[in-house]
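# Remarks on the overall topology
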Amino acid sequence: MTYEMPKLPYATDALEPVISQETINFHYGKHLQTYVSNLNKLVVGTEFEGKTLEQIVESAPDGAVFNNAGQVLNHTLYFLQFDPKPIKNHPTGKLADAIKRDFGGLDNLKQEMNQAAIALFGSGWVWLAVDAKGKLHITKEPNGGNPLRNKMKPLLGIDVWEHAYYIDYQNKRAEHVEKIWEIIDWSVVESRM
Ligand code: MN
């Protein structure tokens, strides 16, 4: 089994001005490509060869295999959740109900995720995740972490590594995470429930 780059469902300049073409070229074209290439090399001859990304992220010990598999999975979920003109710009149905129940509404969810993204020290991810009972959680993960590690399903991820925003926003992480909501395609997020 070979791990592959996700195919972007939009042009590299389509997410501007929220995410520039230059950022996509580096973030998708260089950073993600490196994680994919590293993972394909690292698994050879190990117990992880032939396993899915999810299986590796759930079971690999901390270290290079986990870091690279986590980042391939994280970035695949990340890049596929965007759309320059989202079919759905807000959640509906079961997900909307759960957001209302667990956070009091979409605005509160956004605010809490933005706060978590600003508060996360160093490199990492903020996720909206759902547990086995259907309850939603916001998780802060260092480095290449993913909620699957804690038996929760990732629904929506905000990358707060500097490589995700530094070209476009420099040190202003808060401004970047505020903007990211404009390009979230909620139909993709709902499909992950
Ligand atoms: Mn990244």
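Rules and cut-offs
Residues numbered from 1 in each chain as written. Predicted model: local features only at pLDDT ≥ 70, side-chain atom pairs only at ≥ 80, totals over all residues. Heavy atoms only, no water. Pairing = 2+ DSSP bridges. Helix = DSSP H or I, 4+ residues; strand = E, 2+ residues; numbered from the N terminus. Axes fitted to C-alpha atoms, helices over the stretch in contact; angles between N-to-C directions. Salt bridge = Lys/Arg side-chain N within 4 Å of Asp/Glu carboxyl O. Buried < 20%, exposed > 50% of the residue type's maximum accessible area, 1.4 Å probe, protein only. Expected span 1.5 Å × (residues − 1). Donors = N, O, S within 2.8 Å, 3.2 Å for Na, K, Ca; no water. Phe/Tyr/Trp six-rings, centres within 6.5 Å; stacked < 30°, edge-to-face > 60°.

### Thoughts on the sheet that holds strand S1 (residues 124-130)
Judged by pairing direction, the sheet is antiparallel, and its 3 strands sit side by side in the order S2-S1-S3 without closing on themselves. The sheet is open, and its two edges are formed by strand S2 (136-142) and strand S3 (153-159), each paired on a single side. The sheet shows a mean angle of 25 degrees between the axes of neighbouring strands, direction not considered. In terms of strand pairing, S1 meets S2 through 7 bridges, oriented antiparallel. Its bridge partner being in S2, Trp127 is matched across the sheet by Thr139.

### Points about the pattern of salt bridges
Enumeration over the complete set of coordinates arrives at 5 salt bridges. Ionic pairing is found between Arg101 and Asp102, a salt bridge with its closest N-O pair at 2.9 Å. A residue is classified by how much of its surface remains accessible, and Arg101, at 55% relative accessible area, is exposed. The partner of Lys179 in a salt bridge is Glu182, and the shortest N-O contact between them spans 3.8 Å. For Lys179, a relative accessible area of 32% gives the class partly exposed.

### A few points about the side chain of Gln71
With respect to the element layout, Gln71 can be found in helix H3 (residues 64-80). Residue classification places Gln71 among the buried positions, given a relative accessible area of 2%.

### Considerations on H3
With 17 residues, H3 should cover 24 Å at 1.5 Å per step; its first-to-last C-alpha distance of 24 Å lies within 8% of that length. The buried count for H3 comes to 14 of 17 residues, which makes it a mostly enclosed element.

### Here we look at the coordination of the manganese ion
Listed as protein donors to the manganese ion are His27 (NE2), His75 (NE2), Asp159 (OD) and His163 (NE2); their distances from the metal cover 2.0 to 2.2 Å. Read from N- to C-terminus, the donor residues coordinating the manganese ion fall into the pattern H-x47-H-x83-D-x3-H. Pair noted here: His75 is in helix H3 and Asp159 is in strand S3, with a separation of 84 residues, a long-range link. Exposure class is identical for His75 and Asp159. Each is buried.

### Describing the packing of aromatic side chains
Applying the stated criterion to the full structure yields 6 aromatic pairs. Where Tyr28 meets Phe79, the ring centres are 5.5 Å apart and the plane angle is 85 degrees; that geometry is what we call edge-to-face. With Tyr28 in helix H1 (residues 21-42) and Phe79 in helix H3, this pair connects stretches of sequence that are 51 residues apart. Both residues of the pair, Tyr28 and Phe79, count as buried.

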